[in-house]
Amino acid sequence: MPAAAQPRRNRFIRTIAVAATGAAVLALPVLGATTASAATPTVSTATSLGYANNLDGWIRASLQVMGQHGIPGTYNGIYRNVIRESSGNPNAINLWDSNAAAGIPSKGLLQVIDPTFRAYHVNGTSWDSYDPVANITAACNYAAARYGSIDNVFGAY
């Protein structure tokens, strides 16, 4: 090969290599997204954390998740508010107050409205506002931001 053709050939090879690398890099996020969307994210539940699937277990599981995220609260503070708000029924829904009249009823153990649930949702918990651990944890996150802790809540919040 003539010496003058050598730089052109090297430039051509570099161009092909860069183009191929770019295509591979562009393909990776698409392949990763396809793979990731097929995977089910791990969600903390009472049973997945080793607790019973009842009020005691839901509170204990929530406290564990809250501890991992630096959200304050105690068993007694959560229990007191759950009993006042829903009597321990994770499927409770308030269809008569001002929130319900506005089309956003309070739901779950700690009677959280959907916008508040979404705003204070804690990663690693379900996005279902009726899920006991997700409901308690989001409500406690909200109470911490607004009142310092769920322990400081003694009435409707």
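Residues numbered from 1 in each chain as written. Predicted model: local features only at pLDDT ≥ 70, side-chain atom pairs only at ≥ 80, totals over all residues. Heavy atoms only, no water.

Colleague: It is not clear to me how the packing of helix α2 (residues 55-69) against helix α6 (residues 132-147) should be interpreted in this structure. Could you clarify?
Modeller: Helix-helix packing: each pair is described by the crossing angle between the helix axes and the interaxial distance. Relative orientation of the contacting elements α2 and α6 amounts to 50°, with a least axis distance of 9 Å. Taken together, the axes of α2 and α6 are oblique relative to one another. As α2 packs across α6, the resulting crossing turns out to be right-handed. The residues of α6 that touch α2, namely those facing Trp58, Ile59, Ala61, Ser62, Val65 and Met66, are Pro132, Val133, Ile136, Thr137 and Cys140. By residue class, the composition of the contact of α2 with α6 is nine nonpolar, two polar and no charged. (Axes fitted to C-alpha atoms, helices over the stretch in contact; angles between N-to-C directions. Helix = DSSP H or I, 4+ residues; strand = E, 2+ residues; numbered from the N terminus. Parallel < 35°, antiparallel > 145°, perpendicular 65-115°, else oblique. Left-handed = near helix turned anticlockwise from the far one by under 90°. Contact = heavy atoms within 4.5 Å. Nonpolar A, V, L, I, M, F, W, Y, C, P; charged D, E, K, R; others polar.)

Colleague: I would appreciate a short explanation of α2 in the present structure.
Modeller: Given 3.6 residues per turn, any residue in an α-helix points the same way as the ones three and four places further on. A rise of 1.5 Å per residue sets the reference length of α2, with its 15 residues, at 21 Å; its end C-alpha atoms lie 21 Å apart and thus fit the reference within 8%. Considered for burial, the residues of α2 that qualify are Leu55, Gly57, Trp58, Ile59, Ala61, Ser62, Val65 and Met66. The elements touched by buried residues of α2 are α3 (75-86) and α6. Capping of α2 at its N-terminal end is provided by Asn54; its side-chain oxygen lies 3.2 Å from the backbone amide nitrogen of Asp56. In the stretch just after α2, Gly70 is the one whose phi turns positive, near 70°. (Expected span 1.5 Å × (residues − 1). Buried < 20%, exposed > 50% of the residue type's maximum accessible area, 1.4 Å probe, protein only. Polar contact = N/O pair within 3.5 Å; in protein donor to acceptor, adjacent residues only side chain to side chain.)

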